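Architecture and fold: a report
Read off the chains here:
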Amino acid sequence: MALRHIASVLRFSAPRLAPLSTAPVAREQSAAGREAAPGCGAAERARPPVPAVDFGNTQEAYRSRRSWELARSLLVLRLCASPALLAHHEQLLHLTRRLLGQKLFDKLMKMTFYGQFVAGEDQESIRPLIQHNRAFGVGSILDYGVEEDLSPEEAERTEMESCTSAVEREGSGTSKREKQYQPHRAFGDRRDGVISARTYFYANEAKCDSHMETFLRCIEASGKASDDGFSAIKLTALGRPQFLLQFSDVLTKWRRFFHQMAAEQGKAGLAAMDMKLEVAVLQESVAKMGIASRTEIERWFTAETLGMSGTLDLLDWSSLIDNRTELSKHLVVPNMQTGQLEPLLSQFTEEEELQMTRMLQRMDILAKKASEVGVRLMVDAEQTYFQPAISRLTLEMQRKFNREKPLIFNTYQCYLKDAYDNVTLDVELARREGWCFGAKLVRGAYMAQERARAAEIGYEDPINPTYEATNVMYHRCLNYVLEELKHNAKAKVMVASHNEDTVRFTLRRMEELGLHPADRQVYFGQLLGMCDQISFPLGQAGFPVYKYVPYGPVMEVLPYLSRRALENSGIMKGAWRERQLLWQELKRRLCTGSLFHRPA
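Described in the following lines is the structure provided in the data block. This structure is a prediction, so every number in the text was calculated from the model and none was measured.

**Topic: the overall build of the protein**
The number of helices and strands found in the protein is 27 helices and 12 strands. Within the span of the protein, comprising 600 residues, buried residues form 57% of the whole. Excluding contacts between residues fewer than 6 apart, the proportion of contacts in the protein whose partners are at least 24 apart in sequence is 80%. By element, 54% of the accessible surface of the protein is carried by carbon and sulfur atoms, the whole surface being about 25400 Å².

**Details of the environment of alanine 454**
With respect to the helices and strands, the residue alanine 454 is situated in helix 22 (residues 447–457). In this structure, alanine 454 is in contact with Tyr459, Glu460, Asp461 and Pro462, ignoring residues within four places of it in sequence.

**Considering the pattern of salt bridges**
Tallied over the entire structure, the rule returns 35 salt bridges. A salt bridge links glutamate 396 to arginine 392, with the shortest nitrogen-to-oxygen separation between them at 3.4 Å. With glutamate 396 and arginine 392 both in helix 20 (residues 387–401), this residue pair falls 4 residues apart, about one helical turn. Pair check on accessibility: glutamate 396 and arginine 392 agree, each one buried. Members of the salt-bridge network, linked through shared partners, are Asp313, Asp316, Glu428, Arg431, Arg432 and Glu484.

**Considerations on the nonpolar core**
With 62 residues, the main nonpolar core has Leu441, Val522, Phe524 and Leu538 as its most contacted residues. Among the elements that make up this core, the one with the highest residue count is helix 23 (residues 467–487) (8 residues). Other than its neighbours up to four places away in sequence, leucine 441 contacts Tyr412, Cys414, Val423, Tyr474, Cys477, Leu478, Val493, Met494, Val495 and Ala496. With 36 residues, the next largest nonpolar core counts Phe215, Leu238, Leu366 and Val379 among its residues.

**What about the side chain of threonine 411?**
In this structure, threonine 411 sits in strand 8 (residues 408–413). There is a polar contact of 2.7 Å between the side chain of threonine 411 and the backbone oxygen of valine 379. Filtering out sequence-adjacent residues up to four positions away, threonine 411 remains in contact with Val379, Asp380, Ala381, Gln387, Lys440 and Val442.

**Focus on the sheet that holds strand 9 (residues 438–442)**
With parallel pairing, the 8 strands of this closed barrel are ordered in space as 1-2-7-8-9-10-11-12. Within the sheet, the average angular offset between the axes of one strand and its neighbour, ignoring direction, is 30°. Pairing of strand 2 (residues 230–233) with strand 7 (residues 376–379), which is carried by 4 bridges, proceeds in the parallel orientation. Considered in strand 7, the bridge of phenylalanine 230 is made with arginine 376. Where helix 21 (residues 419–433) meets the sheet, it contacts strand 8 and strand 9, and its direction lies at approximately 155° from that of strand 8. Against the sheet, helix 24 (residues 500–513) contacts strand 10 (492–496) and strand 11 (522–527), and its axis sits at roughly 170° relative to strand 11.

**Considering the packing of aromatic side chains**
Per the stated rule, a full pass over the model turns up 13 aromatic pairs. For the pair tyrosine 144 and tyrosine 551, a centre-to-centre distance of 5.2 Å together with 65° between the ring planes defines the contact as edge-to-face. Of this pair, tyrosine 144 sits in strand 1 (residues 138–144) while tyrosine 551 is found in strand 12 (residues 545–551), placing the two residues 407 residues apart along the sequence. Ring geometry for phenylalanine 409 versus tyrosine 523: centroids 6.5 Å apart, planes at 70°, classification edge-to-face. Placement of the pair is phenylalanine 409 in strand 8 and tyrosine 523 in strand 11, with a sequence separation of 114 residues. A residue is classified by how much of its surface remains accessible, and tyrosine 523, at 1% relative accessible area, is buried. Feature note: the residues Phe230, Phe409, Tyr523 and Tyr546 constitute an aromatic cluster, connected by ring pairs. Lying over the aromatic face of tyrosine 474, arginine 443 brings its terminal NZ or CZ to 4.5 Å of the ring centre. A cation over an aromatic ring shows up here: arginine 453 above the ring of tyrosine 385, its NZ or CZ 3.9 Å from the ring centre.

**Remarks on the side chain of glutamine 526**
When you line up the elements, glutamine 526 lands in strand 11. In this structure the side chain of glutamine 526 is engaged in a polar contact, spanning 2.6 Å, whose partner is the side chain of serine 535. Not counting residues within four places of it along the chain, the set of residues in contact with glutamine 526 comprises Ser497, His498, Cys531, Ile534, Ser535, Val545, Tyr546, Lys547 and Tyr548.

**Focus: the pairing of strand 1**
Burial analysis of strand 1 places 6 of its 7 residues in the buried class, the great majority of the element. Relative to strand 12, strand 1 runs parallel, the two being bridged by 7 bridges. Each residue of the ladder has a partner; that of aspartate 143, found in strand 12, is proline 550. Two elements, strand 1 and strand 2, share 2 bridges in a ladder whose sense is parallel. Bridged to isoleucine 141 within strand 2 is phenylalanine 230.

**Quick notes on a negative patch on the surface**
A cluster of like negative charges, contributed by Glu90, Asp149, Glu153 and Glu154, occupies part of the molecular surface. Here glutamate 154 is to be found in helix 11 (residues 152–162).

**A look at helix 15 (residues 279–289)**
Val279, Leu282, Gln283, Ser285, Val286 and Ala287 are the residues of helix 15 that are buried. Following helix 15 by one or two positions, glycine 290 has its phi on the positive side, about 80°.

**Regarding the packing of helix 5 (residues 67–80) against helix 27 (residues 576–592)**
In the contact formed by helix 5 and helix 27, the axes pass within 10 Å of each other and the chain directions differ by 150°. Comparing their axes, helix 27 and helix 5 come out roughly antiparallel. Along this stretch, helix 5 crosses helix 27, giving a crossing that reads as left-handed. The segment helix 5 lies against helix 27, with Ser67, Leu70, Ala71, Ser73, Leu74, Leu77 and Arg78 engaging Glu578, Arg579, Leu582, Trp583, Glu585, Leu586 and Arg589. Broken down by class, the residue content of the contact of helix 5 with helix 27 amounts to 7 nonpolar, 2 polar and 5 charged.

**Side note on the pairing of strand 9**
Burial analysis of strand 9 places 5 of its 5 residues in the buried class, the great majority of the element. Strand direction decides the pairing type here: strand 8 and strand 9, joined by 4 bridges, are parallel. Paired with glutamine 413 across the bridge in strand 9 is valine 442. When strand 9 meets strand 10, the two strands line up parallel, connected through 4 bridges. In the strand pairing of strand 10, glycine 438 is matched with lysine 492.

**Details of helix 8 (residues 102–111)**
Turning to helix 8, its buried residues number three or more, namely Phe105, Asp106 and Met109. The buried residues of helix 8 occupy one face: seen down the axis, they fall within an arc of 100°. The exposed set on the far side of helix 8, more than 90 degrees from its buried face, consists of Lys103, Lys107 and Met111.

Basis of the calculations
- Residues numbered from 1 in each chain as written.
- Predicted model: local features only at pLDDT ≥ 70, side-chain atom pairs only at ≥ 80, totals over all residues.
- Heavy atoms only, no water.
- Helix = DSSP H or I, 4+ residues; strand = E, 2+ residues; numbered from the N terminus.
- Buried < 20%, exposed > 50% of the residue type's maximum accessible area, 1.4 Å probe, protein only.
- Contact = heavy atoms within 4.5 Å.
- Areas by Shrake-Rupley, 256 points an atom, 1.4 Å probe, with all protein chains shown as cover.
- Salt bridge = Lys/Arg side-chain N within 4 Å of Asp/Glu carboxyl O.
- Core = buried A, V, L, I, M, F, W, Y, C linked by side-chain atoms within 4.5 Å.
- Polar contact = N/O pair within 3.5 Å; in protein donor to acceptor, adjacent residues only side chain to side chain.
- Pairing = 2+ DSSP bridges.
- Axes fitted to C-alpha atoms, helices over the stretch in contact; angles between N-to-C directions.
- Phe/Tyr/Trp six-rings, centres within 6.5 Å; stacked < 30°, edge-to-face > 60°.
- Lys NZ or Arg CZ within 6 Å of the ring centre and 35° of its normal.
- Patch = residues over 30% accessible without salt bridge, like charges linked within 9 Å, V, L, I, M, F, W, Y side chains within 5 Å.
- Lys, Arg positive; Asp, Glu negative; His and termini not counted.
- Charge placed at Lys NZ, Arg CZ, Asp CG, Glu CD.
- Parallel < 35°, antiparallel > 145°, perpendicular 65-115°, else oblique.
- Left-handed = near helix turned anticlockwise from the far one by under 90°.
- Nonpolar A, V, L, I, M, F, W, Y, C, P; charged D, E, K, R; others polar.
- Arc of directions from axis to C-beta.

This is the structure in C-alpha cells:
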C-alpha cells in the first residue's frame, strides 16, 4: 500500500510517539539543556547587547551598493509599479529582442531587470555577488531559476495527464477523491495567478532526474559559498503530482474523520492541540462502524502508543496510519452522508508505484547530499491540494535528518486559515519524538489562484479573508515558534518577509525573549533585488539574514522575471518607502560628492 512505500523509503527506525507530553514539561527540559550548553552561563551574560537596527539610515542600508545600482533599482522598481507597462511586458520584451538582436537584448536585460533580480547565468558567474553580499553580512539561498516556457495549452494538457491515475482514466476512480484533490482543466496551468513561485510540470521520470541533478548542483554550490548556507527545493519537481494529490486526499480525509469523532464527543471548535478524544468512546464508535474487530481496535489504542492518559489527540491519530500500527491495513473512513466505508487510497498500477518510490528516493538523495556538505534544505510550500502530502513527506525527512540540528526546513503559508494548527502540531510532534524543529514562515504565493479554484470547483476557500487577517496569523505563528525557541536551543526559524512591521515585531520579541542573534536561531530572508533597506542593516547588525538568489541563462529565466515583475506590480504600488529611501540616498551622495561611492 502507498503509505507503506512512503515509510519503507524514508523511515529509518523513527521513534514511536512518546506518551502525551505537555508543553511546560518539554520546555523545562529544553531550558535545562540550554543552561548546560556551551556558550551559555557567564559567557552568554558577557555577550554585548544586540545592536539597534535602523531601517531608515540610507547610508548604512546602501553602503554595499554603487550609485548606478541604486539608480537601476529605482528605475526597475518604478517600472514594476506601472500597470500599463506590465500589461504588455511580454510583447515589449519580444519586440525589443527582435529590434536589438539576442546579444544586445541580453546586455540590456543584465543592465536592468535581469541584473536586479538574478545573480548570474551559472555557478561561476554568481560567485562574486554571493561573496560581496557575504562581506556585508548577507548570506544566500541558491535557486536555479529556469522554468519551462510552455504554452497554456501545453501546460494544461501536461497537468491533466500527470494528475490522473490509470484507474481514473478508465473512468472508475474519479469520484472517490475530494473535489479539492481532483485535477481540474480550468486550473491545469498552475502558473495562472501565481506571481512569484516557480512552477514545475511533470514530463517524465528522466526530467525529474534532471531536476534532481539541478538541485544537487545548487546544494553543492551553496556548500562551497559558505558554511551556513541554504538551498531551496520543490517536491513537484521530483515526481508525478498525481501521487501528491492522492496522498493529500488520504491525509485530509483521515484528519476530517478525527474531527467528526471529536464533534460526536462534543469537542468541535477547539484548537487542534486542545482537541482530545476519549479512547473508550472512540473504540466504541469505530467498532460500530465495522472498520475492524473489537480485538483489533483494542490493539491500536494501547499504553505503548498513547500513554496512560486515556485520551488521544490529532498527533496520536495521525500516527495510527503509518506502518508502525496494524491500522495501516484498514485505510478506510466512513462517508458521513452515505454511511458507507470508503477506501482512503485507490490502487496504483505497478508503474505508478515505481514512480512514487523514485520520487521518495530523489528526496532522500537530496537530503543526504545537503547533510554531507552542511547545507540546510528548505522545502518550498505549494498549492493547498498538494501541500498536505508535501508537509507530511517533509516531516518524514525531518524525522530522519533533523536528529542533531535542523537540516530540513518545512515552509508554512500563513495566509492559510489552518496555518496556526499546522505549526503547533508540528512543534509538538518534534518535542515528542526528539528531533529538531526547523521552519520557514511565509505569507504565501498562490492566493489569487487558490481563491478562484475554490470558488469554481465548490469547496471552502482555504485563505484568510483579508490581508490584515493574514498579518495576524503570521505574527501568531511566529510568536508561538519564538516562544519555542526560547526553551529549545536546537529549534530554528526563518522569517521570510518583506514586511518591515513583521521584521520589527520579530526583533522586539527576540529582545523580550532573550534570543540573541549570535545564537543563530532566528534567520531573516528576502528576495534578491528587493528590500535591501531591511536585509543589509540586519546583516551588518549581526543578525543571520539571507537573500533568495536565483540564477540561470537570460532567456531561460525570462518566465521567472515576468513573475517577479508582476509580483512587484502589486507590492510596489504601496511600498513607496523603498523607492523613497533609494532616491534619498542618491540625493545624499550627489550633495556630499560621494556619487562615485565604492563599497568597502
